[in-house]
Amino acid sequence: MKIKDGFVLKVIAGSGIAVPVGDESVNCRSMIKINQTGTFLWNMLESGAEHGQLVQGLMDEYGIEQPQADTDAAEFAADLRKAGVLCE
């Protein structure tokens, strides 16, 4: 999985904001607020991390168990897909 070209993550006042740029700014006229965990996952997705890597990253970074990490990673990816930000 990977973040689509045309989206960048900016940190504003401590919050992550996904912002469309270039051609994407014409198609997507909103910004997406992303919490700290989402920012962590976003950074992994920029490098093309797959679901299993996101799960392991959450477990390592936040000390959570696999079932919770799996659910969190899947929900975040689903939200990004729905917003048109994530490509496979």
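Residues numbered from 1 in each chain as written. Predicted model: local features only at pLDDT ≥ 70, side-chain atom pairs only at ≥ 80, totals over all residues. Heavy atoms only, no water.

**Observations regarding the sheet that holds strand 2 (residues 7-12)**
For step 1, the next point in the chain: Spatial strand order, 2-3-4: three strands in an open sheet with antiparallel pairing. Two strands bound the open sheet, and with one partner strand each, they are strand 2 and strand 4 (32-34). Within this sheet the neighbouring strands show an average axis-to-axis angle of 30°, counted without direction.
For step 2, the next point in the chain: Summarising the sheet, strand 3 (residues 15-20) and strand 4 pair through three bridges and their orientation is antiparallel. Considered in strand 4, the bridge of Ala18 is made with Ile32.
For step 3, the next point in the chain: Relative to the sheet, helix 2 (residues 36-46) contacts strand 2, strand 3 and strand 4, its axis offset from that of strand 2 by approximately 145°. (Pairing = 2+ DSSP bridges. Helix = DSSP H or I, 4+ residues; strand = E, 2+ residues; numbered from the N terminus. Axes fitted to C-alpha atoms, helices over the stretch in contact; angles between N-to-C directions. Contact = heavy atoms within 4.5 Å.)

**A closer look at the pairing of strand 2**
For step 1, the next point in the chain: Looking at chain direction, strand 2 and strand 3 are connected through six bridges and run antiparallel. Bridging from a neighbouring strand, Val8 pairs with Val19 of strand 3.
For step 2, the next point in the chain: Between the antiparallel neighbours strand 2 and strand 3 lie two residues, among them Ala13 with a positive phi of about 50°.

**Brief notes about the packing of helix 2 against helix 4 (residues 66-83)**
A pair of packed helices can be characterised by two numbers: the angle between their axes and the separation between those axes.
For step 1, the next point in the chain: Put simply, helix 2 and helix 4 touch, their axes get as near as 11 Å, and they point 70° apart. Relative to helix 4, helix 2 is oriented roughly perpendicular. Where helix 2 abuts helix 4, its residues Gly38, Leu41, Trp42 and Leu45 lie against Ala73, Phe76 and Leu80.
For step 2, the next point in the chain: Considered class by class, the residues forming the contact of helix 2 with helix 4 number six nonpolar, one polar and no charged. (Parallel < 35°, antiparallel > 145°, perpendicular 65-115°, else oblique. Nonpolar A, V, L, I, M, F, W, Y, C, P; charged D, E, K, R; others polar.)

**Digging into the packing of helix 2 against helix 3 (residues 51-62)**
For step 1, the next point in the chain: With their axes 10 Å apart at the nearest point, helix 2 and helix 3 run at an angle of 135° to one another. On the basis of the axis angle, helix 2 is oblique to helix 3. In terms of crossing hand, the pair formed by helix 2 and helix 3 is right-handed. Mapping the contact onto sequence places Gln36, Thr37, Phe40, Leu41, Met44 and Leu45 in helix 2 and Gln53, Leu54, Gly57, Leu58, Glu61 and Tyr62 in helix 3.
For step 2, the next point in the chain: The residue inventory of the contact of helix 2 with helix 3, partitioned by class, reads seven nonpolar, four polar and one charged. (Left-handed = near helix turned anticlockwise from the far one by under 90°.)

**What to know about the layout of surface pockets**
For step 1, the next point in the chain: By volume, the largest pocket is sized at about 170 Å³.
For step 2, the next point in the chain: Forming the walls of the largest pocket are 13 residues, and the residues nearest its centre are Gly38, Asp72, Glu75, Phe76 and Asp79.
For step 3, the next point in the chain: Elements that contribute at least two residues to the lining of the largest pocket include exactly strand 4, helix 2 and helix 4.
For step 4, the next point in the chain: It is helix 4 that contributes the most residues to the lining of the largest pocket, six residues altogether. (1 Å grid on protein atoms, 1.4 Å probe; cavity = no way out; pocket = protein on both sides within 12 Å on 5 of 7 lines; lining within 4 Å. Points joined across faces, edges and corners; volume = space filled by probe spheres on them.)

Nothing here speaks to function; it is geometry throughout.
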